[in-house]
Amino acid sequence: MGLITEIDYGTPKSDADKDVTLTIDGFSVTVPEGTSIMRAAMETGIQIPKLCATDMVDAFGSCRLCLVEIEGRNGTPSSCTTPVAPDMVVKTQTGKLKDIRRGVMELYISDHPLDCLTCAANGDCELQDMAGVVGLRDVRYGYDGENHVHARRAGDGAENFRWMKKDESNPYFTYDPSKCIVCSRCVRACEEVQGTFALTIEGRGFESRVSAGMHQPFIESECVSCGACVQACPTATLREKSVIEIGQPEHSVVTTCAYCGVGCSFKAEMRGDELVRMMPYKDGKANRGHSCVKGRFAWGYATHKDRILNPMVRDKITDPWREVSWEEAFAHVAGEFRRIQYQYGKGAIGGITSSRCTNEETFLVQKLIRQGFGNNNVDTCARVCHSPTGYGLKTTFGTSAGTQDFDSVEHTDVALVIGANPTDGHPVFASRLKKRLRAGAKLIVIDPRRIDLVRQPHVEAAHHLPLRPGTNVAVLTALAHVIVTEGLFDEAFIRERCDWSEFEDFAAFAAEPQHSPEEVEKVSGVAADTIRAAARLYATGGNAAIYYGLGVTEHSQGSTTVMAIANLAMLTGNIGRPGVGVNPLRGQNNVQGACDMGSFPHELPGYRHMSDDATREVFEAVWNVALDPEPGLRIPNMLDAAVEGTFRGIYIQGEDILQSDPDTKHVAAGLAAMDCVVVHDLFLNETANYAHVFLPGSTFLEKDGTFTNAERRINRVRKVMAPKNGLADWEVTQRLAQAMGLDWAYTHPAQVMDEIALTTPSFAGVDYDLLEREGSVQWPCNDKAPTGTPVMHIGGFVRGKGKFIRTDYVATDEKSGPRFPLLLTTGRILSQYNVGAQTRRTDNVVWHSEDRLEIHPHDAEQRGLRDGDWVRIRSRAGETTLRALVTDRVAPGVVYTTFHHPDTQANVVTTEFSDWATNCPEYKVTAVQVSPSNGPSDWQVEYEEQARLARRIARPLEAAE
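What counts and what doesn't
Residues numbered from 1 in each chain as written. Predicted model: local features only at pLDDT ≥ 70, side-chain atom pairs only at ≥ 80, totals over all residues. Heavy atoms only, no water. Helix = DSSP H or I, 4+ residues; strand = E, 2+ residues; numbered from the N terminus. Rg over C-alpha atoms; globule rule 2.2 N^0.38 Å. Contact = heavy atoms within 4.5 Å. Lys, Arg positive; Asp, Glu negative; His and termini not counted. Charge placed at Lys NZ, Arg CZ, Asp CG, Glu CD. Polar contact = N/O pair within 3.5 Å; in protein donor to acceptor, adjacent residues only side chain to side chain. Core = buried A, V, L, I, M, F, W, Y, C linked by side-chain atoms within 4.5 Å. Buried < 20%, exposed > 50% of the residue type's maximum accessible area, 1.4 Å probe, protein only. Salt bridge = Lys/Arg side-chain N within 4 Å of Asp/Glu carboxyl O. Pairing = 2+ DSSP bridges. Axes fitted to C-alpha atoms, helices over the stretch in contact; angles between N-to-C directions. Parallel < 35°, antiparallel > 145°, perpendicular 65-115°, else oblique. Left-handed = near helix turned anticlockwise from the far one by under 90°. Nonpolar A, V, L, I, M, F, W, Y, C, P; charged D, E, K, R; others polar. Phe/Tyr/Trp six-rings, centres within 6.5 Å; stacked < 30°, edge-to-face > 60°. Lys NZ or Arg CZ within 6 Å of the ring centre and 35° of its normal. Disulfide = S-S within 2.5 Å. Arc of directions from axis to C-beta. pLDDT = per-residue confidence, 0-100.

(A) Here's a closer look at the overall build of the protein chain. Looking only at helices and strands, the protein chain has 30 helices and 36 strands in total. Scaling as 2.2 N^0.38, a compact globule of 961 residues should have a C-alpha radius of gyration of about 30 Å, and the protein chain matches this with 29 Å. Its C-alpha atoms give the protein chain principal-axis dimensions of roughly 90 × 80 × 65 Å. Residue pairs in contact within the protein chain that sit at least 24 positions apart in sequence constitute 72% of those at least 6 positions apart. One finds the centroid of the 100 positive side-chain charges in the protein chain at a distance of 2 Å from the centroid of its 126 negative side-chain charges.

(B) Layout of the side chain of Asp 8. Tracing the chain through its elements places Asp 8 in the segment before β1 (19-24). In terms of polar contacts, Asp 8 uses its side chain to reach the side chain of Thr 54, at 2.8 Å. Among the polar contacts made by the side chain of Asp 8, one reaches the main-chain amide nitrogen of Asp 55 at a distance of 2.9 Å.

(C) Region of the structure containing the nonpolar core. The biggest cluster of nonpolar side chains holds 68 residues, and the ones touching the most others in it are Phe 173 and Leu 238. Among the elements that make up this core, the one with the highest residue count is helix α12 (residues 427-438) (four residues). In this view, Leu 238 contacts Phe 173, Thr 174, Tyr 175, Cys 186, Phe 218, Cys 229, Val 230 and Cys 233; residues no more than four positions away in its chain are not counted. Val 333, Ile 349, Ile 369 and Val 591 belong to the second largest nonpolar core, which has 60 residues in total.

(D) Local environment of the pattern of salt bridges. What the rule picks out here adds up to 57 salt bridges. A salt bridge links Glu 6 to Lys 267; the shortest N-O distance between them is 3.0 Å. In this pair, Glu 6 sits in the segment before β1 while Lys 267 sits in strand β10 (residues 265-271), placing the two residues 261 residues apart along the sequence. Residue classification places Glu 6 among the partly exposed residues on the basis of a relative accessible area of 21%. Using a relative accessible area of 8% as the deciding quantity, one classes Lys 267 as buried. For Glu 518, the salt bridge is made with Arg 532, and the minimal N-O distance between the two is 3.1 Å. Residue Glu 518 is located in helix α16 (residues 517-524), and its partner Arg 532 is located in helix α17 (residues 528-540); the two are separated by 14 residues in the primary sequence.

(E) Structural view of the pairing of strand β31 (residues 822-827). Summarising burial for β31: six of the six residues are buried, a large majority. In the sheet, β31 pairs with strand β36 (residues 926-932) via three bridges, with the strands oriented antiparallel. Bridge pairing in β36 places Leu 824 opposite Thr 926.

(F) Representation of the packing of helix α9 (residues 359-373) against helix α25 (residues 729-739) in the model. The geometry of α9 relative to α25 is characterised by a closest axis approach of 9 Å and an angle of 15° between their N-to-C directions. Taken as axis vectors, α9 and α25 run roughly parallel relative to one another. You can see that α9 and α25 cross each other, and the crossing is left-handed. Across the interface between the two elements, Glu 361, Leu 364, Val 365 and Leu 368 from α9 touch Asp 729, Trp 730, Thr 733, Leu 736 and Ala 737 from α25. Its residues assigned to classes, the contact of α9 with α25 comprises six nonpolar, one polar and two charged.

(G) Structural context of the packing of aromatic side chains. Inspection of every chain in the model, using the stated rule, returns 24 aromatic pairs. Aromatic pair Phe 173 and Phe 297: ring centres 6.2 Å apart, planes at 40°, arrangement tilted. In this pair, Phe 173 is assigned in strand β5 (residues 173-175) and Phe 297 in helix α7 (residues 293-297), connecting sequence segments 124 residues apart. Of the two residues examined, Phe 173 and Phe 297, each falls in the buried class. The ring of Tyr 896 has Arg 449 lying over it, and the distance from NZ or CZ to the ring centre is 4.0 Å. A cation sits over an aromatic face here: Arg 841 above Phe 683, 4.0 Å from the ring centre.

(H) Structural detail: the sheet that holds β31. Read around the closed barrel, the six strands follow the order β31-β35-β32-β34-β33-β36; overall the barrel is mixed. If you compare each strand with its neighbour and ignore which way they point, the axes differ by 45° on average. With four bridges joining them, strand β33 (residues 870-874) and β36 adopt antiparallel strand pairing. Across the sheet, Ile 873 pairs through a bridge with Val 930, a residue of β36.

(I) The state of the cysteines, seen in detail. The full count for this structure, using the stated rule, is zero disulfides. Distance from the sulfur of Cys 119, which forms no disulfide, to the nearest cysteine sulfur (Cys 125) is 6.2 Å. Free of any disulfide, Cys 223 has its nearest cysteine sulfur in Cys 229, 5.6 Å distant.

(J) The sheet that holds strand β3 (residues 69-70), seen in detail. With mixed pairing, the four strands of this open sheet are ordered in space as β2-β1-β4-β3. Each of the sheet's edge strands pairs with one partner strand only, and the pair in question is β2 (27-32) and β3. Here β1 runs beside strand β4 (residues 89-91); their pairing, made up of two bridges, is parallel. Each bridged residue has a counterpart across the sheet, and for Ile 24 the counterpart in β4 is Val 90. Here helix α1 (residues 37-44) sits on the sheet and contacts β1, β2, β3 and β4; the angle it forms with β2, its principal contact strand, is near 120°.

(K) Representation of the side chain of His 251 within the structure. The residue His 251 is located in strand β9 (residues 251-256) in this model. There is a polar contact of 2.6 Å between the side chain of His 251 and the side chain of Glu 250. Setting aside residues up to four positions removed in sequence, His 251 forms contacts with Met 1, Gly 2, Leu 3, Ala 268, Glu 269, Met 270 and Gly 272.

(L) Molecular detail of helix α22 (residues 635-644). Those residues of α22 not exposed but buried are Ile 635, Met 638, Leu 639, Ala 641 and Ala 642. Angular distribution of buried residues about the axis of α22 spans 165°; they occupy a single face of the element. Among the structural elements, β14 (349-353), β15 (378-380), β25 (649-653) and α24 (664-672) are those in contact with the buried residues of α22. A positive phi of about 100° marks Gly 645, the residue just after α22.

(M) Highlighting the confidence of the model for the protein chain. On average, the protein chain scores 93 in pLDDT, and the residues at 70 or more come to 99%. Predicted confidence is poor over residues 957-961, with pLDDT under 50, and the contacts of this stretch with residues over four places away or in other chains come to two contacts.

(N) Fine view of unusual backbone geometry. Each neighbour pair has its own omega, and for Trp 779 with Pro 780 the value is 0°, a cis peptide bond. Checked against the element boundaries, Pro 780 lands in the loop between β30 (776-778) and β31. Here the phi dihedral of Arg 64 falls at roughly 65°; this positive angle occurs in a residue that is not glycine. With respect to the secondary-structure elements, Arg 64 resides in the loop between α1 and β3. A positive phi angle, near 50°, is found at Asn 834, a position not held by glycine. In this structure, Asn 834 sits in the loop between β31 and β32 (852-855). With a relative accessible area of 6%, Asn 834 lands in the buried category.

(O) Here's a closer look at the environment of Arg 819. Within the element layout of this structure, Arg 819 appears in the loop between β30 and β31. Along the sequence, Arg 819 and Met 278 sit 541 residues apart, while their C-alpha atoms lie 50 Å from each other. Setting aside anything within four residues of it in sequence, one finds Arg 819 in contact with Arg 874 and Gln 929.

(P) Seen up close, the pairing of strand β26 (residues 676-681). In terms of burial, β26 is a largely internal element, six of the six residues being buried. Every second residue of β26 is oriented toward a common face, with Cys 676, Val 678 and His 680 on one face and Val 677, Val 679 and Asp 681 on the other, all of them buried. Sheet topology places β25 next to β26; five bridges connect them, and they run parallel. Looking across to β26, one finds that Gly 649 is bridged to Cys 676. Bridge analysis of β26 against strand β27 (residues 693-696) gives four bridges, and the strand direction is parallel. Pairing of Val 678 across the sheet is with Val 693, part of β27.

See the structure below:
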């Protein structure tokens, strides 16, 4: 085991179809046209010295180390900026080149500190490496430096006004100007890879240096701490504080990030069993070597002092917790669940799978419920986020998932982003999208809020449709109206791929006058001209792709909106090839996988209904049990039944429903009514306030398995350290199953994946050997597609013919009025993740230490509110207080907040309204009133006290007494 080293080819790969053959140092080389000489040499195994070049960014040609000689050409061109040509003859190592390179290195070293032995980059410094490569042995100009090196001038000791001290403001990395060689790699990475444009080079000549923003500390600049600049830096100018503190790593393991649905691949670089840093893996097909602040830096929660490492039980939620052995905990749960089922029936218990756990762990939880509990009372967090995606896309296309891979965006001409905020929720994908937009693609944003993508450096939406919350269906149908009435639909595609009679019915429906942009303007607030222009651009702008998020699904018409999106894609033929498609941006790292694994009460793994006899027979044969053909209870149904007294016990794996689910008071009432609530998690989360058993969980760093990301990519998760609690999550579930009398005997998650493949057609070809060979694959992966399916519905839809469906707009029952005149919508922020249980236990709180209520200046002025004031937000469900953020990012009549902090608990305000088909809550439309406040709400005071009492852990002596 050692460090995984990735080859840096110096410049990006050329995608040209035509090949070119040349000679480099006597070797014949054939590479794609457009390849640089530097890359061509590296692919041959010849490494040309370089400092400013790296294959993550375009060639720059500033360091002058990579010079070569070309037969028949004058001078010594830089190999990074010179493309190959047919029959070119290149020499990379001549006496002349050696002299030039040594001279260049002398200049660099003359203005660089010589503290290599104590430098954090010692052993990982390209400047140090290149000095050795070019044979530098002396510096004729001395070592005092002109600008960077010393705080005081050599000789007279006077203050050196050109020297700058270190910038330690960022919690994760340090910037040391004295070590900067002005290669511009960090600046180019910020521009080309991340797309933030937060860095620049200020000054000229020896006075040149990197600057964040307008000569600001990093923490105050536009920097989003993605780590691209640190990764690109060839010296110790930008360096992770963890490396400075711990030292250089000595081995690494490739694994998958456990935050959002992008599913970035990382090298977990270790020293012993201590994690030193997470380095984005260039061979990761989802992230292509990029990262965001969460995946790159926010992993400290894994060793946070708040982690619970021992099982705990208590008789009543008012009692303090007492630590017990694993055996006692499992025996207690098994005994309580048997008692409940004996007393109240087999349907009186159920479970919730985790979208943060692996596919294998999720599969085992639903198996435990179906095989062990004898019912289908299993659900997952997708119920409250993307369940309408599953329903809507399965109905229209035949599969419950997105149609493309992330690479597809590179072929997109028009991107329509609706109800999503990629720069905050899916930042690595957002960077790829922004790169495509900077290259000329057009953007349409449909969102009530002015998200960052609407306007930022070198990116501006062609059209922003700031619709009123709750009017998605009306606006999307208006887009279809324009496409149909103006004849912009793709008739050939529709006749070949869809049911023509269904299209005719839908076209007649969409063409009705009430769906015209002029009529929809009255409902949505979006100008008719804007709707028409957006529709024309989407229909005629070339390859058009739709990316959507929770702003689509978390509505009473969430499933209808998904079907309206599918209608648009089919109308225009934007399905079944690269650059197009319908792409749900999944929220959590494995929410797609949790759905794939049969976490819904009506579906077995692979989205097959419980009522299908043939499907049940497959699982009954493997599990040796008769399965209940009737669907079980959804999460809201479980809570309702608990309040009624018929549902008494629940096993919750890695979900915090008290903070994440709507109508907090109702969730609390349901949990409080149960006899045995089992929480399996890392921390005593908000749901654990109502738990009777706590089973400590393991982080993604402590387990083997797979995650499935938003593009259906099955990625390996590899254990990099032993579980601090003693058991990986799959082992906890297995031990619980054994305590309940099941004969499970898995010894590794690979065996669980084999069972998944045996029973689930879309995973039939998946095993760990395949994932090791390919790196990752996208389901369906079977005999028809042995290495996976990057693009779905090529040549035809999975269901046969694509299905057009009428999308009648039905206004939500949640309406604003005199009592509650504002509409609240919710979302996420870049630095925090979901309920914040992980990110709040990292230095990410520097950027977001509290939830704020965004309110338009007009609405704030009417209420006498100023920026930073404490305000009370009240709905018919409840009220809470938080501080105001006065901004024109939201329209008048709309307010917005995040839900990352439990002391705010935004969901105490949200209501019980939900999607008509899936019960996905209507988080995005809540009628509220906002008023000044001078303190926390009564509910917050009561909640804080209840949480304090519920988290008491008895010392062993107290427990014994």
